[in-house]
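Coordinates in review
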Amino acid sequence: METKWLEDFISLVETNSFSRSAQLRHVTQPAFSRRIQSLENWLGMDLIDRTSYPTRVTPAGLVFYEQALEMLSQINGVRELLRGKRAAAQNSIDLAVPHTLSLTFVPKWITQLEEDFAPINSRLMALNVHDAVLQLVEGGCDLLLCYHHPRQPVQLDPGRYDMLVLGREALRAYARCDKAKQPEFALPGRKAAPLPFLSYTTNAYLGRMVDLVMSDAKQSLHFETHYETDMAEGLKMMALEGRGIAFLPESAVTREVKQKQLAPADGGRAEWGIEMEIRLYRERPSAQRPGKAIVGRLWEHLAERQKPASAKRRLPASDR
């Protein structure tokens, strides 16, 4: 049994809606329903009456709701107690980051911060996008770093969470270079001879970005999937072996492109790529949850760096 199942069930009881709870829990409705069913299977009884609409809790579900609240309170209490005993943790920043950014963006970003800001003690949790967002929502990290695209947004309440844009990242198609330093495979391919495709799994964020590229392409792209994984690094290694075309973040292949091991396979056509923002989120400090002082200072530093130069030079009215 997982604690997120308890949180899912509590949300469902309080909203009386699978769709609304799925939205609040940042998960698809089918996945949310499966998690509720997993909880019911673990308990060995029905918590939701599926013979009626709207959603109604069974008598056993009402009893378990009270117990779930108590169990979750105890679990969170223990976590806060243990965290309170980690004095050093107040000087450490907990980061939740999708796998790809943890390998490509974070190392250089932290190095730059230590030059511009101060030495940083950090703890990085490399997760998929969904679980990384949940870490922030459930108080498991101080900062969330992730990709963002307006058609595949990370839906966090702007009234509760602060956000900074740290950069941009292009997702493009790459293939191994041949002896002439040209890509062995090139878009768009032909229907009669589809290109070998190294694909993300359906639950991967970058996979959804590739879906957008393919749906927006004015000229059809012809692929035959030969390999799937949810990690860009895994696709890159397969591409280096010459196994096909992979859509990869530019930062993930900088060295390989420079060394002529990989080359863009899109012919420079912008329509066969997509650009994403790299965003940083934190829970907005409040009197009840002030957050760590080190996180507050870092956020102020990053926000100051993003101010336009004209705003930084502007003098107070009394000095004009």
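Residues numbered from 1 in each chain as written. Predicted model: local features only at pLDDT ≥ 70, side-chain atom pairs only at ≥ 80, totals over all residues. Heavy atoms only, no water.

Let's talk about the packing of helix H1 (residues 3–15) against helix H3 (residues 29–43)
- Where H1 meets H3, the closest approach of the two axes is 9 Å, and the angle between their N-to-C directions is 110°. Classified by the angle their axes make, H1 and H3 are roughly perpendicular. Here Lys 4, Trp 5, Asp 8, Phe 9 and Leu 12 of H1 lie close against H3, whose contacting residues are Phe 32, Arg 35, Ile 36, Ser 38, Leu 39 and Trp 42.
- Looking at the contact of H1 with H3 residue by residue, the classes come out as 7 nonpolar, 1 polar and 3 charged. (Axes fitted to C-alpha atoms, helices over the stretch in contact; angles between N-to-C directions. Helix = DSSP H or I, 4+ residues; strand = E, 2+ residues; numbered from the N terminus. Parallel < 35°, antiparallel > 145°, perpendicular 65-115°, else oblique. Contact = heavy atoms within 4.5 Å. Nonpolar A, V, L, I, M, F, W, Y, C, P; charged D, E, K, R; others polar.)

Observations concerning the packing of helix H6 (residues 106–116) against helix H11 (residues 293–306)
- It is at 12 Å that the axes of H6 and H11 come closest, and there the two elements cross at 90°. As the angle between them shows, H6 and H11 are arranged roughly perpendicular. On the side of H6, the interface is formed by Trp 109, Gln 112, Leu 113 and Asp 116, while H11 contributes Leu 298, His 301, Leu 302 and Arg 305.
- Here the residues of the contact of H6 with H11 sort into 4 nonpolar, 2 polar and 2 charged.

A short note on the environment of Thr 225
- As for its position among the elements, Thr 225 is in strand E8 (residues 223–229).
- Once the C-alpha coordinates of Thr 225 and Glu 169 are considered, the two residues, 56 residues apart in sequence, prove to be 25 Å apart.

Details of the domain arrangement of the chain
- Its domain assignment divides the chain into domain 1 (1–83) and domain 2 (170–275).
- Taking only C-alpha atoms into account, the centre of domain 1 sits 40 Å from that of domain 2. (Domains from an automatic or database assignment.)

Here's the deal with unusual backbone geometry
- The amide bond that connects Leu 187 to the next residue, Pro 188, takes the cis arrangement and shows omega of 10°.
- Relative to the helices and strands, Pro 188 resides in the loop between strand E6 (161–176) and strand E7 (195–200).

What about H1?
- Compared with the 18 Å implied by 1.5 Å per residue over 13 residues, the 19 Å span of H1 between its first and last C-alpha is a close match.
- If you check which residues of H1 are buried, you get Trp 5, Leu 6, Glu 7, Asp 8, Phe 9, Ile 10, Ser 11, Leu 12 and Val 13.
- Directly beyond the C-terminal end of H1, a positive phi value near 55° is found at Asn 16. (Expected span 1.5 Å × (residues − 1). Buried < 20%, exposed > 50% of the residue type's maximum accessible area, 1.4 Å probe, protein only.)

A short note on the nonpolar core
- Within the largest apolar cluster, 69 residues are counted, with the highest numbers of intra-cluster contacts made by Leu 144, Leu 156, Leu 171, Leu 187, Tyr 200, Leu 206 and Phe 247.
- Beyond its immediate chain neighbours, meaning those up to four positions away, Phe 247 contacts Leu 171, Arg 172, Ala 173, Leu 187, Phe 197, Tyr 200, Val 210, Val 213, Phe 223 and Trp 272.
- Of all hydrophobic cores here, the second largest spans 20 residues; its members include Phe 9, Val 27, Ala 31 and Val 57. (Core = buried A, V, L, I, M, F, W, Y, C linked by side-chain atoms within 4.5 Å.)

As for H6
- Three or more residues of H6 are buried, namely Val 106, Trp 109, Ile 110 and Leu 113. All buried residues of H6 project into a common sector of 95° when viewed along the axis, lining one side. With respect to the buried face of H6, the exposed residues turned more than 90 degrees away are Lys 108 and Glu 115. (Arc of directions from axis to C-beta.)

Observations concerning empty space enclosed by the protein
- Applying the stated rule across the entire model yields 1 cavity of 30 Å³ or more.
- By volume, the largest cavity is sized at about 50 Å³.
- Ile 93, Leu 95, Trp 109, Ile 110, Leu 113, Ile 120, Ser 122, Leu 143 and Leu 298 are the residues that line the largest cavity.
- Among the secondary structure elements, those contributing two or more residues to the lining of the largest cavity are strand E3 (92–98) and H6.
- The leading source of residues in the lining of the largest cavity is H6, at 3 residues.
- A per-class count over the lining of the largest cavity returns 8 nonpolar, 1 polar and no charged. (1 Å grid on protein atoms, 1.4 Å probe; cavity = no way out; pocket = protein on both sides within 12 Å on 5 of 7 lines; lining within 4 Å. Points joined across faces, edges and corners; volume = space filled by probe spheres on them.)

Topic: the pattern of salt bridges
- Inspection of every chain in the model, using the stated rule, returns 23 salt bridges.
- Its salt-bridge partner being Glu 7, residue Arg 25 comes within 3.1 Å of it at the nearest N-O pair. In this pair, Arg 25 is assigned in the loop between helix H2 (18–24) and H3 and Glu 7 in helix H1, connecting sequence segments 18 residues apart. When sorted by exposure, Arg 25 lands in the same class as Glu 7, which is buried.
- Across the salt bridge formed by Glu 256 and Lys 236, the nearest N and O atoms sit 3.2 Å from each other. Separated by 20 residues along the polypeptide, Glu 256 in helix H10 (residues 254–258) and Lys 236 in helix H9 (residues 232–240) bring together distant segments of the chain.
- Residue classification places Glu 256 among the buried positions, given a relative accessible area of 5%. (Salt bridge = Lys/Arg side-chain N within 4 Å of Asp/Glu carboxyl O.)

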